[in-house]
There are 2 protein chains.
Amino acid sequence: MTDVWAQAIAVRPIGDGIFETTLDDGWRVGGGLNGGYQMAVVGNALRAALPSKPDPIAFSTHFLSAALAGPAQVHTRVLRDGGSIATVEGRLVQEGQERIVVLATYSDLAGLTDEVATTAVPAPIPARESCLPSSMASDDMRRIAPLMDRFDMLFDPAHMGWAMGEPSGEGVIQAWFRLKDGTPPDAVSLLLAVDALPPVTFDLGRPGWAPTLELTAHVRAVPAPGWLRVRHVTRNVAGGMFEEDCEVWDSADRLVADRKSVV
Amino acid sequence: MTDVWAQAIAVRPIGDGIFETTLDDGWRVGGGLNGGYQMAVVGNALRAALPSKPDPIAFSTHFLSAALAGPAQVHTRVLRDGGSIATVEGRLVQEGQERIVVLATYSDLAGLTDEVATTAVPAPIPARESCLPSSMASDDMRRIAPLMDRFDMLFDPAHMGWAMGEPSGEGVIQAWFRLKDGTPPDAVSLLLAVDALPPVTFDLGRPGWAPTLELTAHVRAVPAPGWLRVRHVTRNVAGGMFEEDCEVWDSADRLVADRKSVV
């Protein structure tokens, strides 16, 4: 059953840079489909539009309207393709309405230099056996967010008190993460990984699934096979909006992706 | 002389969402015009296209080709305008070539709730009298970056050792910042402020002005009049690219903008 993910993001070219797809209700959360899932569908179409540059490096998404299960199109346009970098545009369109609009930079991550110099340290998530599996989520949560059944997520219990009405107040949610169907992570599925956890504001005692306005993901490396560690933090709630930042670490302790967003 | 900035970013509507502008050589750095200046020109056109929503909130920019002094056009398109938020697209075009492409969310920051909950702390920049003024920059630096003469910048000396061949190695550059012509900061000029300092990699002993691929700026509040504090950091250099993050604090100790980018 390793093809659940491949099926969910499959796109078919119909010419002029347009791709057809069928959005799957299994990735719903609340009244619309998960934003990271939409990004991965667009990301997969952009990958198909750029055969020699398979990997998103910077992926800026603005959310316009709620995507629903059913047929949709991805309109792609190559703005520049030179050297090792291409800049592209993607629009997820459904029933004549734009759902998300994306500007992205693509490259071949495997073809870049291996040099890494970093002072970043891996997300401090406890060992998996000390974490709370998403399979313990309430039926209520599962009805709101059926997409939770598409992942194995193991949550740091220090930031899950909100589920029992006792949020830590620190503005952190972090978990081990993998696709349930066994597909190893790649640069496109990282676009999902940065938007799969519950809103970080739950840990501040603020319930409710606020719609994301803008989300920029950066992919730093093709992830090693195995579990990812995903850490979301917010430092700033202002003007009725909040920031939600995220880091993703792979099984080789490498920072493979991050996210910065306004919700 | 408070109109140098207003002149530099002035746009004239010519219909169909298109604006004419004249890019000014005074904002050049190396072989092209400063990216933050280009963002502010596009940001000013988008502001003009949205009379009731003057303030960029999320501003995602992808850089395609080097902008030069001279005539240019900004093509704007409103993707969605409903409630308190609008999503818009802007393209800076010169001689038939796209220079930068922007997706942005606009609103009226003054009309949002005043609630602020934050754990962020102001950039730790020494008092102004302990900092190094940009007016001390070498003639060499000034030839490369004439835009430095458009600002007053007072640099934290702890991260200016690179100018004497002794970088701190920490990956930080920070400074007090204001426009030289006395224009107080606003939401559009913050787009310039997040991209005005020398590359943070100078502090890692890596010289050279690398072109930015992607830069997303978030504006959190209309800044109070007076000096801004701008702090750039990098934690991660990988694959021949690096991240460059930035925070901007106003004279009232409020986090008013941030930037995340891939260079």
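First, a word on scope: everything that follows refers to the structure included in this document.

The rules behind the values
- Residues numbered from 1 in each chain as written.
- Chains lettered and ligands numbered in written order.
- Predicted model: local features only at pLDDT ≥ 70, side-chain atom pairs only at ≥ 80, totals over all residues.
- Heavy atoms only, no water.
- Helix = DSSP H or I, 4+ residues; strand = E, 2+ residues; numbered from the N terminus.
- Rg over C-alpha atoms; globule rule 2.2 N^0.38 Å.
- Buried < 20%, exposed > 50% of the residue type's maximum accessible area, 1.4 Å probe, protein only.
- Areas by Shrake-Rupley, 256 points an atom, 1.4 Å probe, with all protein chains shown as cover.
- Lys, Arg positive; Asp, Glu negative; His and termini not counted.
- Charge placed at Lys NZ, Arg CZ, Asp CG, Glu CD.
- Least-squares fit on C-alpha atoms with pLDDT ≥ 70 in both.
- Contact = heavy atoms within 4.5 Å.
- Core = buried A, V, L, I, M, F, W, Y, C linked by side-chain atoms within 4.5 Å.
- Salt bridge = Lys/Arg side-chain N within 4 Å of Asp/Glu carboxyl O.
- Expected span 1.5 Å × (residues − 1).
- Polar contact = N/O pair within 3.5 Å; in protein donor to acceptor, adjacent residues only side chain to side chain.
- Buried area = accessible area lost by both parts, 1.4 Å probe.
- Nonpolar A, V, L, I, M, F, W, Y, C, P; charged D, E, K, R; others polar.
- Phe/Tyr/Trp six-rings, centres within 6.5 Å; stacked < 30°, edge-to-face > 60°.

Before going further, it helps to spend a moment on the overall build of chain A. From N to C terminus, chain A includes 4 helices and 18 strands. In terms of overall dimensions, chain A is globule-like: its C-alpha atoms have a radius of gyration of 18 Å, near the 18 Å expected for 263 residues. In chain A, which comprises 263 residues, the share counted as buried stands at 58%. Element-wise, carbon and sulfur atoms account for 54% of the exposed surface of chain A, whose accessible area totals about 9,800 Å². A distance of 2 Å separates the average location of the 22 positive side-chain charges in chain A from that of its 33 negative side-chain charges.

Right, let's get into the relation of the copies chain B and chain A. Between chain B and chain A, which share one sequence, the superposing operator has a rotation angle of 180 degrees and an axial displacement of 0.0 Å; the RMSD is 0.0 Å. Overall, the copies show the geometry of a two-fold rotation axis. Among all residues of chain B, the one whose C-alpha sits closest to the rotation axis is Ser60(B), at a distance of 3.2 Å. In this assembly the copies share their binding face: 100% of the residues contributing to the interface of chain B also contribute to that of chain A.

Moving on, we come to the nonpolar core. Among the nonpolar cores identified, the biggest contains 71 residues, and Tyr37(A), Phe59(A), Phe151(A), Phe177(A) and Val248(A) are the most heavily contacted of them. Broken down by element, the residue count for this core peaks at 7 residues, all from helix α2 (residues 35-49) of chain A. Non-local contacts of Val248(A), meaning those with residues more than four positions away in its chain, are made with Leu190(A), Val194(A), Leu228(A), Arg229(A), Val230(A), Arg254(A), Leu255(A), Val256(A) and Ala257(A). Counting residues in each nonpolar core, the second largest holds 70 residues, with Leu213(A), Met148(B), Ile173(B) and Leu190(B) among its members.

Now for the pattern of salt bridges. Two side chains that carry opposite charge are able to pair once their charged atoms sit near each other. Per the stated rule, a full pass over the model turns up 40 salt bridges over all chains. With its nearest N and O atoms 3.7 Å apart, the salt bridge here joins Asp24(A) to Arg150(A). Residue Asp24(A) is found in the loop between β2 (18-23) and β3 (28-29), and its partner Arg150(A) is found in the loop between α3 (139-144) and β11 (151-155); the two are separated by 126 residues along the sequence. Relative accessible area serves as the criterion here: at 28%, Asp24(A) is assigned to the partly exposed category. A single salt-bridge network, built from bridges that share partners, covers Arg77(A), Glu89(A), Arg91(A), Glu98(A), Arg77(B), Glu89(B), Arg91(B) and Glu98(B).

As a further point, take helix α2 (residues 35-49) of chain B. All names here are of chain B. With 15 residues, α2 extends 21 Å between its outermost C-alpha atoms, agreeing within 8% with the 21 Å of an ideal straight helix rising 1.5 Å per residue. Extensive coverage of α2 is indicated by the burial of 12 of its 15 residues. Where α2 is concerned, the buried positions are Gly35, Gly36, Tyr37, Gln38, Met39, Ala40, Val41, Val42, Gly43, Asn44, Ala45 and Leu46. Residue Asn34 occupies the N-cap position of α2, its side-chain oxygen lying 3.0 Å from the main-chain nitrogen of Gly36.

Here we come to the interface of chain B and chain A. Taken together, the contact between chain B and chain A spans 48 residues of the former and 48 residues of the latter. Counting each side, the surface lost to burial between chain B and chain A is near 4,100 Å², with a carbon and sulfur contribution of 53%. The tally of links from chain B across to chain A stands at 8 salt bridges. The partner of Arg220(B) in a salt bridge is Glu243(A), with the nearest N and O atoms 2.6 Å apart. In this structure, the connection of chain B to chain A is made through 19 residue pairs in polar contact (both at pLDDT 80 or more). When residues of the side of chain B that touches chain A are assigned to their parent elements, the largest contribution, 6 residues, is made by strand β8 (residues 97-107) of chain B. When its residues are assigned to classes, the side of chain B that touches chain A shows 20 nonpolar, 13 polar and 15 charged.

Attention now goes to the packing of aromatic side chains. Residue and element names in this part refer to chain A. Considering all chains together, one arrives at 10 aromatic pairs over all chains under this definition. Ring centres 5.2 Å apart and planes at 15 degrees place the aromatic pair Trp27 and Tyr37 in the stacked group. Taken together, the residues Trp27 in the loop between β2 and β3 and Tyr37 in helix α2 connect sequence positions 10 residues apart. Grouped by ring-pair contacts, the aromatic residues Trp5, Trp27, Tyr37, Phe151 and Phe177 constitute a single cluster.

This paragraph deals with unusual backbone geometry. Outside of glycine, negative phi angles account for most residues, and trans bonds account for most peptide bonds. Located in the positive-phi region is Asp16(A), a residue other than glycine, with phi close to 60 degrees. On the accessibility criterion, Asp16(A) (79% relative accessible area) is exposed. In this structure, Asp253(B) is a non-glycine residue whose phi angle is positive, near 65 degrees. With respect to the helices, strands and loops of the structure, Asp253(B) is situated in the loop between β16 (241-249) and β17 (255-262).

Attention shifts here to the side chain of Thr212(A). Relative to the helices and strands, Thr212(A) resides in the loop between α4 (189-193) and β13 (214-219). Thr212(A) sits in the buried class, given a relative accessible area of 17%.

Turning to the environment of Tyr37(B), a few remarks are in order. All names here are of chain B. Classification of Tyr37 as buried rests on a relative accessible area of 0%. When the C-alpha positions of Tyr37 and Leu191 are compared, they lie 7.6 Å apart, and in sequence the two are 154 residues distant. With residues up to four places along the chain from it excluded, the contact list for Tyr37 reads Trp5, Ala8, Ile9, Thr22, Leu23, Asp24, Trp27 and Leu192. A distance of 2.8 Å separates a polar side-chain atom of Tyr37 from the backbone oxygen of Ala8.

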